[in-house]
Amino acid sequence: METEALERPADLTIWRTAPASSPLAQPERYGTLREAIAAAAGALRDPAKQPWIITEEGEILSPNWIRTYLN
């Protein structure tokens with residue numbers, strides 16, 4: 001991934017893996033991909049949450065991609 005892509009807006013959606021009575025996941029817009037990745041890192045600490053990011057270019061970043069990037 002190119003460095004300038006980290007400075008572009010991105011949408012983060014956190015899906016629940018366990019049955020939940022909460023409403024459907026709604027995407028949240030972040031000013032930069034870096035911010036979205038940081039928020040996703042927090043969600044990854046909970047095994048019932050699966051963060052997915054969609055970049056401004058339309059690239060879909062899965063929970064596994066996010067984990068790999070953070071490591």
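Note that the coordinates shown come from a computational prediction; the quantities given were computed from them, not determined experimentally.

J.: Please explain the side chain of threonine 13 as it appears in this structure.
T.: As for its position among the elements, threonine 13 is in strand 1 (residues 10-16). Not counting chain neighbours up to four residues away, the residues in contact with threonine 13 comprise Ala25, Gln26, Pro27, Gln50, Pro51 and Trp52.

J.: Which parts of the structure should I look at to understand the sheet that holds strand 4 (residues 60-61)?
T.: The strands making up a sheet associate through backbone hydrogen bonding, with each pair oriented either parallel or antiparallel. Ordered in space as 2-1-3-4, the four strands form an open sheet in which the pairing is antiparallel. Edge positions in the open sheet fall to strand 2 (28-30) and strand 4, since each of these has one partner strand only. As defined by bridge partners, strand 3 (residues 49-55) adjoins strand 4 across two bridges and the pair is classed as antiparallel. When the sheet's bridge partners are listed, isoleucine 54 is paired in strand 4 with isoleucine 60.

J.: Got a minute to help me understand the packing of helix 1 (residues 33-44) against helix 2 (residues 63-70) in this structure?
T.: The description of two helices packed together rests on the angle between their axes and the distance between the axes. Running from N to C, helix 1 and helix 2 point in directions that differ by 105 degrees, and their axes come no closer than 10 Å. It follows from the interaxial angle that helix 1 and helix 2 lie roughly perpendicular. Between helix 1 and helix 2, the contacting residues are Ile37, Ala40, Ala41 and Leu44 on the first element and Pro63, Trp65, Ile66, Arg67, Tyr69 and Leu70 on the second. A class-by-class count of the residues in the contact of helix 1 with helix 2 yields nine nonpolar, no polar and one charged.

J.: What is the right way to look at a nonpolar patch on the surface in this model?
T.: On the surface, a nonpolar cluster with roughly 410 Å² of combined accessible area is contributed by Trp15, Trp52, Ile54 and Ile60. With respect to the secondary-structure elements, tryptophan 52 resides in strand 3. Residue classification places tryptophan 52 among the partly exposed positions, given a relative accessible area of 35%.

J.: I tried to follow helix 1 on my own but got confused; where do I start?
T.: The periodicity of an α-helix, 3.6 residues per turn, causes residues three or four places apart in sequence to face the same way. The terminal C-alpha atoms of helix 1, which comprises 12 residues, lie 16 Å apart, in line with the 16 Å expected from a rise of 1.5 Å per residue. Within the sequence span of helix 1, burial applies to Leu33, Ala36, Ile37, Ala40, Ala41, Ala43 and Leu44. Within helix 1, the buried residues cover an arc of 160 degrees as seen down the axis, which keeps them to one side. Against strand 1, strand 2, strand 3, strand 4 and helix 2 lie the buried residues of helix 1.

Reading the values: rules and limits
- Residues numbered from 1 in each chain as written.
- Predicted model: local features only at pLDDT ≥ 70, side-chain atom pairs only at ≥ 80, totals over all residues.
- Heavy atoms only, no water.
- Helix = DSSP H or I, 4+ residues; strand = E, 2+ residues; numbered from the N terminus.
- Contact = heavy atoms within 4.5 Å.
- Pairing = 2+ DSSP bridges.
- Axes fitted to C-alpha atoms, helices over the stretch in contact; angles between N-to-C directions.
- Parallel < 35°, antiparallel > 145°, perpendicular 65-115°, else oblique.
- Nonpolar A, V, L, I, M, F, W, Y, C, P; charged D, E, K, R; others polar.
- Patch = residues over 30% accessible without salt bridge, like charges linked within 9 Å, V, L, I, M, F, W, Y side chains within 5 Å.
- Areas by Shrake-Rupley, 256 points an atom, 1.4 Å probe, with all protein chains shown as cover.
- Salt bridge = Lys/Arg side-chain N within 4 Å of Asp/Glu carboxyl O.
- Buried < 20%, exposed > 50% of the residue type's maximum accessible area, 1.4 Å probe, protein only.
- Expected span 1.5 Å × (residues − 1).
- Arc of directions from axis to C-beta.

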